[in-house]
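Inside the fold
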Amino acid sequence: MNSDGLFLSNDILMSIEKPERYIGHEVNSCIKASEDIRVRFIMCFPDVYEIGMSHLGIQILYDMFNSFPDVWCERVYSPWVDLDKIMREKNIPLFSLESQRPVKEADFLGITIQYEMCYTNILQILDLSGIALKATDRTWDDPIVIGGGPCTYNPEPIAEFFDIFYIGEGETRYRELLDLYEKCRDEGTSREEFLFLASQIPGLYVPSLYQAEYNDDLTIKNFSPVREGVPAKVKKEVVKDLDNTYYPQKPVVPFIRCVQDRVVLEIMRGCIRGCRFCQAGELYRPVRERSVDKLLETVYKMLDSTGYEEVSLSSLSSSDYTHLPELLDKLIVECEKRKVNITLPSLRIDAFSLEVMNKVEDIKKTSVTFAPEAGSQRLRNVINKGLTEEDILSGSAQAIKGGWTKFKFYFMLGHPFENDDDILGIGDLANKVAKEFFELVPKEERKNGPISITVSTSFFVPKPFTAFQWAPQCTEEEFIRKAYLCRSGIASQLNQKRIHYNWHDADTSVIEALLARGDRRVSEVIRKVYEKGGIYDAWSDYYFHERWMNSLEECGLDIGFYAFRERNEEEIFPWDFIDIGVSKKFLYNEYKKAKEGILTENCRVKCNGCGAGTFGAGICPGAYKG
Amino acid sequence: MTKIRIRFTKHGAVRYIGHLDVMRYFQKTIRRAGINVSYSGGYSPHQIMTFAAPLGVGLESDGEYMDLGIEDEKPDLAMIKDSLNASSVPGIRILSVKKLPEDAGNAMASVYASSYEISFYDDKKDQCPDKDLMKELISRSQTLDTMIYHKETKKTSRDIDLKQFIYELYIKEDENDKPYICMTINSSSSDSIKPGFVMEYLCGLEDIKLPDNSLQITRLDMFTLGENGELISMDDIGSDE
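Keep in mind it's a predicted model, so treat the numbers as computed, not measured.

1. Looking at the overall build of chain A
Along its length, chain A carries 20 helices and 19 strands. Here the C-alpha radius of gyration of chain A, 25 Å, is about what a compact globule of 626 residues would show, namely 25 Å. Taken along the three principal axes of its C-alpha coordinates, chain A extends 75 × 65 × 55 Å. The buried share of chain A, taken over its 626 residues, is 61%. Of the contacts formed within chain A by residues at least 6 apart in sequence, a portion of 77% connects residues at least 24 apart.

This is the structure:
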């Protein structure tokens, strides 16, 4: 440690990009006196600081852990490639931001896993910390490595790197785990025994206590505990009442500009919609709302404690929050007084949302966003996206009349049961919106310039716990063909000059599919990619497709088995031992309905008996209402 | 609107925060402290705030300045100072808050010079001149008519005569083995030079190339130019009430 209490020397800090990423000391970061602390917990987001600091989940858990008098929670993020190189050359261990001490000294290292392409960064974190990559090689000298977040709903490809996975929402079971840890350390219990006892806590999955057997065709034959008393199924944890739980009142305020440079207010969890490609829509069921009073009380405290000039309402689909008009009415008045901006992502474009956007945003600077996800009505029915062409065109017409000129459209290519006409529909739809503009706005009234439409397509990645978990993914070649078809479809339109098209990378989408639906054998691939120098695979500049393909080959694994193969109804999936409430039977029925193009109504219109009602919370019939 | 001038420090870990982020930091700190700051008009109003000469990343300071427009006609300056300090992080301390006369030039436009104290980081000092040699180099430079420093950036290179922009240069007389070099040099928007230029020039007189990141630099204060060409601390422009 240098004389400023920093772990890195002045020489190193001055020779890397953005040293502010590594110095801690941010407003509201938590420093605790060490004599009171019995458990040191380090929370990690395995990506660069500006991304990791923008994540709400860590803020919630950081606040929760630090509200326990015997626990000190700190943070660590992936060192950027420049510092990574220096740390390897000079054998400098990874350190946490608050104490500026090595990560390895902590009791727990909690890693939130938000997207598959960060898996190599998890190995970077462990390796730089000096923690054995394989959980079974660890001793009490290593922290307990625990993973959480959406990717842990199929933890198998990274199972061997973790001691425990926490399946579900972190607010509910950590206190129990910490109490168990303190007791075990006091009593001199072995690490193995502690992990066994941890596996008894609901929601906790200890991968070393389970074993997979495979069929000759490489599919799973059997997946079961190796020790008596270990539960065969792990049920996700759910917060029943979002009004009476932890929410950060004093989030850490970074010095550098982060992706989220604002107060983030989570208004609800879950989504009523049930789009068949969407994993979050299933994982976070049942839909639970926070009350307006509680939200207002919280947001003002957060604004006071941070000094932020902007607040963003967060949820999977804010328009479906039932008290949105009331919340916004009150928030707009108070925020105007405080000179605080409001941003509203994930709003469905209609008369109400346009009126609100008109109040809180500068029309000239902002754009109107639609996410039809599919270009034709037929395919939108397949994916159960309850958004019709009429919705889109009437929404865009109202926005055009309101003065907006920038429009963004998001689509996915490669949905199951997609055909070429669906793809050509993307250009048609964009053209119709452009046509509306030229019809609705006479030349002399185009003071904000002509309409500009941006169409972005990403490639479909089948995810566990969705109706499309059985579906094959397109090959890279097929993806590229579809992107070119989409482009030529746009280019053939009358108003093609007003439409800008961009598409995402196909190679990463295929690897994402491998990691999303992979089993335990895939962990060797990840380790080999890391050993070849792979980190920051989520960043296109640092993603090298060859590394992944070569590693797959060295492991004798076939990408086609994981990505391009349709599964049959009976197949045992690597993630089947996890119970998210929503049943496999319900999802398979959704898959069949997709094939027929039959819509399923949303949770508010009608309960479809998905299974999430087992939690007795939120919108589900007969649930606890707070 | 009343204009106030705030003098603050930048020490320890926070010296690695860049200038733009210091500005963003203060925008939030002012809101946390509940200061009745003035805002510009327009769709996205911003706080009326200007900073004197930016401080480079890695440098420490006892004399940073920020001018702020506030709505109170008779502001309680002591309370503003206390609430800003209560909302601040360690390393950034508010040293004084003064009310500016209406005709005072703003911090950015009126800054003319900065004074610095410079030494060598301990891990680099063996590769740097010792105290006696530094003393000798400074004396030698004072006999010269010009001090031509060759400034090279990625795109351009040019020669600057540092002599005309150095107003004071000496070694602190103290018990330290390490030399502490004090200098007051130009910081104006047109003719600003960096303390590193002077140090590199001095060492260059003995063909010594300073290693990277060897200079430990603290800015002591910033000055504006008085009517008679004298340097006046930026802190002496305003009044305490």
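2. Details of the pattern of salt bridges
Residues and elements named next belong to chain A. In the structure shown here, the tally under the stated rule is 75 salt bridges over all chains. Across the salt bridge formed by Glu-326 and Lys-330, the nearest N and O atoms sit 3.3 Å from each other. In this pair, Glu-326 and Lys-330 are both assigned in helix 10 (residues 324–338), 4 residues apart and thus about one turn of the helix distant. For Lys-330, a relative accessible area of 39% puts it in the partly exposed group. If you follow the salt bridges from partner to partner, you end up with Arg-38, Asp-70, Arg-175, Asp-179, Glu-182 and Asp-186 in one network.

3. As for a nonpolar patch on the surface
A cluster of nonpolar residues, Ile-480, Tyr-484 and Trp-503 of chain A, forms a patch on the protein surface that exposes about 260 Å² of accessible area. Locating Tyr-484 of chain A in the fold gives a position in helix 15 (residues 476–491).

4. Some thoughts on the sheet that holds strand 6 (residues 204–205) of chain A
Residue and element names in this part refer to chain A. Strand order in the open sheet made by the 6 strands is 2-1-3-4-5-6, with mixed pairing throughout. Every interior strand has two partners, whereas the edge strands, strand 2 (71–77) and strand 6, have only one. Of the strand pairs in this sheet, strand 4 (residues 144–148) and strand 5 (residues 164–166) are connected by 2 bridges, and their pairing is parallel. When the sheet's bridge partners are listed, Ile-146 is paired in strand 5 with Ile-164. Where helix 3 (residues 56–67) meets the sheet, it contacts strand 1 (39–45), strand 2 and strand 3 (108–112), and its direction lies at approximately 155° from that of strand 2. Helix 6 (residues 174–187) rests against strand 1, strand 2, strand 3, strand 4, strand 5 and strand 6 of the sheet, and its axis sits at about 135° to strand 1.

5. Observations regarding the side chain of Thr-120 of chain A
Residue and element names in this part refer to chain A. By the secondary structure assignment, Thr-120 is in helix 5 (residues 119–129). A distance of 2.6 Å separates a polar atom in the side chain of Thr-120 from a polar atom in the side chain of Asp-537. Among residues more than four places away in sequence, those in contact with Thr-120 are Ile-526, Val-529, Tyr-530, Gly-534, Ile-535, Tyr-536, Asp-537 and Trp-548.

6. Here we look at the interface of chain B and chain A
You'll often see interface size given as the accessible area lost when the parts meet. The interface is formed by 27 residues belonging to chain B together with 32 residues belonging to chain A. Both sides together, the interface formed by chain B and chain A hides about 2500 Å², and carbon and sulfur atoms give 54% of it. The three residues of chain B that bury the most area against chain A are Tyr-16, Arg-31 and Tyr-43 of chain B, which together make up 27% of that side's buried surface. If you look at where chain B meets chain A, you find 5 salt bridges.

7. Let's talk about the sheet that holds strand 15 (residues 368–373) of chain A
Residues and elements named next belong to chain A. If you trace the 4 strands from one edge of the open sheet to the other, you get 15-16-17-18, paired in parallel fashion. Only two strands of the sheet have a single partner each, and these edge strands are strand 15 and strand 18 (499–503). Adjacent strand axes in the sheet meet at a mean angle of 20°, parallel and antiparallel pairs treated alike. In this sheet, strand 17 (residues 452–459) lies alongside strand 16 (residues 406–413) in parallel orientation, the contact comprising 8 bridges.

8. Structural notes on the pairing of strand 17 of chain A
The side chains of a regular strand alternate between both faces of the sheet. Residues and elements named next belong to chain A. Once you follow strand 16 into helix 14 (residues 420–440) and on to strand 17, the crossover reads as right-handed. Bridge count for strand 17 against strand 18 is 5 bridges, and the pairing is parallel. What sits directly across from Thr-454, in strand 18, is His-500.

9. Side note on helix 2 (residues 77–86) of chain B
Residues and elements named next belong to chain B. Listing the buried residues of helix 2 in full gives Leu-77, Ile-80, Leu-84 and Asn-85. One side of helix 2 carries all its buried residues, which in axial view fall inside an arc of 125°. In helix 2, the exposed residues that point more than 90 degrees away from the buried face are Met-79 and Ala-86. At its buried positions, helix 2 is contacted by strand 1 (2–10), helix 1 (19–32), strand 3 (60–70) and strand 4 (94–99).

10. Notes on the packing of helix 13 (residues 389–401) of chain A against helix 14 of chain A
Residues and elements named next belong to chain A. At a minimum axis separation of 10 Å, helix 13 and helix 14 run at an interaxial angle of 35°. For the pair helix 13 and helix 14, the crossing hand works out as right-handed. Between helix 13, through Glu-389, Ile-392, Leu-393, Ser-396, Ala-397, Ile-400 and Lys-401, and helix 14, the contact on the second element is made entirely by Leu-429, Lys-432, Val-433, Glu-436, Phe-437 and Leu-440. Residues belonging to the contact of helix 13 with helix 14 are distributed by class as follows: 8 nonpolar, 1 polar and 4 charged.

11. What to know about the packing of helix 5 of chain A against helix 17 (residues 522–531) of chain A
Geometrically, a packed helix pair is captured by the angle between its two axes and the distance between the axes. All names here are of chain A. Viewed as axis vectors pointing N to C, helix 5 and helix 17 meet at an angle of 65°, and their least axial separation amounts to 9 Å. In terms of orientation, helix 5 and helix 17 fall into the roughly perpendicular class. In the packing of helix 5 onto helix 17, the handedness of the crossing is right-handed. Side by side, helix 5 and helix 17 meet where Tyr-119, Thr-120, Leu-123, Gln-124 and Asp-127 of the first sit next to Ile-526, Arg-527, Val-529 and Tyr-530 of the second. Broken down by class, the residue content of the contact of helix 5 with helix 17 amounts to 5 nonpolar, 2 polar and 2 charged.

12. Digging into the domain arrangement of chain B
Residue and element names in this part refer to chain B. Under the domain assignment, chain B is made up of domain 1 (2–108) and domain 2 (113–232). Using C-alpha coordinates to define each centre, domain 1 is positioned 28 Å away from domain 2. Taken together, the 15 residues of domain 1 in the interface contact 10 residues of domain 2. Note on domain 1 versus domain 2: buried area summed over both sides is about 930 Å², and carbon and sulfur give 46% of it. In terms of surface lost to domain 2, no three residues of domain 1 exceed Ala-53, Leu-59 and Glu-60, which account for 41% of the buried area on that side. Run the count over domain 1 and domain 2 and you get 2 salt bridges. Linking domain 1 to domain 2 there are 9 residue pairs in polar contact (both at pLDDT 80 or more). Ranked by the residues each element gives to the side of domain 1 that touches domain 2, the list is headed by strand 3, at 6 residues.

13. Details of the packing of aromatic side chains
As enumerated under the stated definition, the model contains 49 aromatic pairs over all chains in all. Summarising the aromatic geometry, the rings of Phe-26 of chain B and Phe-51 of chain B are spaced 6.1 Å apart at their centres and angled 50° between planes, so their arrangement reads as tilted. With a gap of 25 residues between them, Phe-26 of chain B in helix 1 and Phe-51 of chain B in strand 2 (residues 49–51) connect regions that are remote in the sequence. You can call Phe-26 of chain B buried: its relative accessible area is 1%. Counting every residue linked through ring pairs, the aromatic cluster contains Phe-41, Phe-65, Phe-68, Phe-108, Trp-140, Tyr-166, Tyr-174, Tyr-181, Phe-194 and Tyr-246 of chain A. The positively charged end of Lys-172 of chain B is found above the aromatic ring belonging to Tyr-180 of chain B, 5.8 Å away from the centroid.

Criteria and thresholds
Residues numbered from 1 in each chain as written. Chains lettered and ligands numbered in written order. Predicted model: local features only at pLDDT ≥ 70, side-chain atom pairs only at ≥ 80, totals over all residues. Heavy atoms only, no water. Helix = DSSP H or I, 4+ residues; strand = E, 2+ residues; numbered from the N terminus. Rg over C-alpha atoms; globule rule 2.2 N^0.38 Å. Buried < 20%, exposed > 50% of the residue type's maximum accessible area, 1.4 Å probe, protein only. Contact = heavy atoms within 4.5 Å. Salt bridge = Lys/Arg side-chain N within 4 Å of Asp/Glu carboxyl O. Patch = residues over 30% accessible without salt bridge, like charges linked within 9 Å, V, L, I, M, F, W, Y side chains within 5 Å. Areas by Shrake-Rupley, 256 points an atom, 1.4 Å probe, with all protein chains shown as cover. Pairing = 2+ DSSP bridges. Axes fitted to C-alpha atoms, helices over the stretch in contact; angles between N-to-C directions. Polar contact = N/O pair within 3.5 Å; in protein donor to acceptor, adjacent residues only side chain to side chain. Buried area = accessible area lost by both parts, 1.4 Å probe. Right-handed = clockwise from strand over helix to strand, strands pointing away. Arc of directions from axis to C-beta. Left-handed = near helix turned anticlockwise from the far one by under 90°. Nonpolar A, V, L, I, M, F, W, Y, C, P; charged D, E, K, R; others polar. Parallel < 35°, antiparallel > 145°, perpendicular 65-115°, else oblique. Domains from an automatic or database assignment. Phe/Tyr/Trp six-rings, centres within 6.5 Å; stacked < 30°, edge-to-face > 60°. Lys NZ or Arg CZ within 6 Å of the ring centre and 35° of its normal.

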